[in-house]
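If you want the building blocks of each chain, they are given just below.
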Amino acid sequence: MSHFSTVKTELRDREALLAALHDLGHDPREGELPVRGYRGQTELAQLAIAQANGADIGFRLNPATGTYELVTDLDLWSQQVPIERFLAQLTQRYALRSILAATQDEGFQVSEQTNQADGSIELVVTRWS
């Protein structure tokens, strides 16, 4: 019997989360949405990604912590990578999007962005006074 699992994250910025999901090739729905699981079971979330098998991956805002928690039926996980790798990729893209937004707010411009062989991303930012 399947059930929903909740995975805590440190993802707080909705716009950075949306951008990171888009970077990874997902098109999340927004709003107060039912996340679909086993045999029609649902949980409410603010963002949802449909999977090919009819189940969803959701992100629900936890008002106590201000973070988005991943909520899904792990038995119905049908991504190309395991959930741990998905979260690692998402966290990396989220961090990149957060840094890009913060540097732009401070008047910096990205002069170089390099994807390293080890999977890390190197940024060089500049600001002209």
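Look up: the structure comes first, before these words.
This one's a predicted model, so the numbers in the text were calculated from it and none came from an experiment. (Residues numbered from 1 in each chain as written. Predicted model: local features only at pLDDT ≥ 70, side-chain atom pairs only at ≥ 80, totals over all residues. Heavy atoms only, no water.)

*Asks:* How should I be thinking about the pattern of salt bridges in this particular structure?
*Replies:* Here the idea is simple: oppositely charged side chains can pair when their charged atoms come close. Tallied over the entire structure, the rule returns seven salt bridges. Residues Arg97 and Asp23 are paired through a salt bridge, measuring 2.7 Å at the closest nitrogen-oxygen approach. One end of the pair, Arg97, is in helix α2 (residues 83-105); the other, Asp23, is in helix α1 (residues 14-23), and 74 residues separate them in sequence. The class of Arg97 is partly exposed, set by a relative accessible area of 33%. Overall, the relative accessible area of 29% leaves Asp23 in the partly exposed class. Close ionic contact of Asp56 with Arg36 constitutes a salt bridge, the shortest N to O distance being 2.7 Å. Residue Asp56 is located in strand β4 (residues 56-62), and its partner Arg36 is located in strand β2 (residues 29-36); the two are separated by 20 residues in the primary sequence. The class of Asp56 is buried, set by a relative accessible area of 0%. Linked by salt bridges that have partners in common, Asp23, Arg93 and Arg97 make up one network. (Salt bridge = Lys/Arg side-chain N within 4 Å of Asp/Glu carboxyl O. Helix = DSSP H or I, 4+ residues; strand = E, 2+ residues; numbered from the N terminus. Buried < 20%, exposed > 50% of the residue type's maximum accessible area, 1.4 Å probe, protein only.)

*Asks:* Looking at this structure, I do not really get the packing of aromatic side chains. What am I missing?
*Replies:* A ring pair, where both rings are aromatic, is described by two values, the distance of the centres and the angle of the planes. Taken as a whole and judged by the stated rule, the model has one aromatic pair. Centre to centre, the rings of Trp77 and Phe86 are 5.3 Å apart; their planes meet at 75°, and the pair counts as edge-to-face. Note on Phe86: relative accessible area 2%, which makes it buried. (Phe/Tyr/Trp six-rings, centres within 6.5 Å; stacked < 30°, edge-to-face > 60°.)

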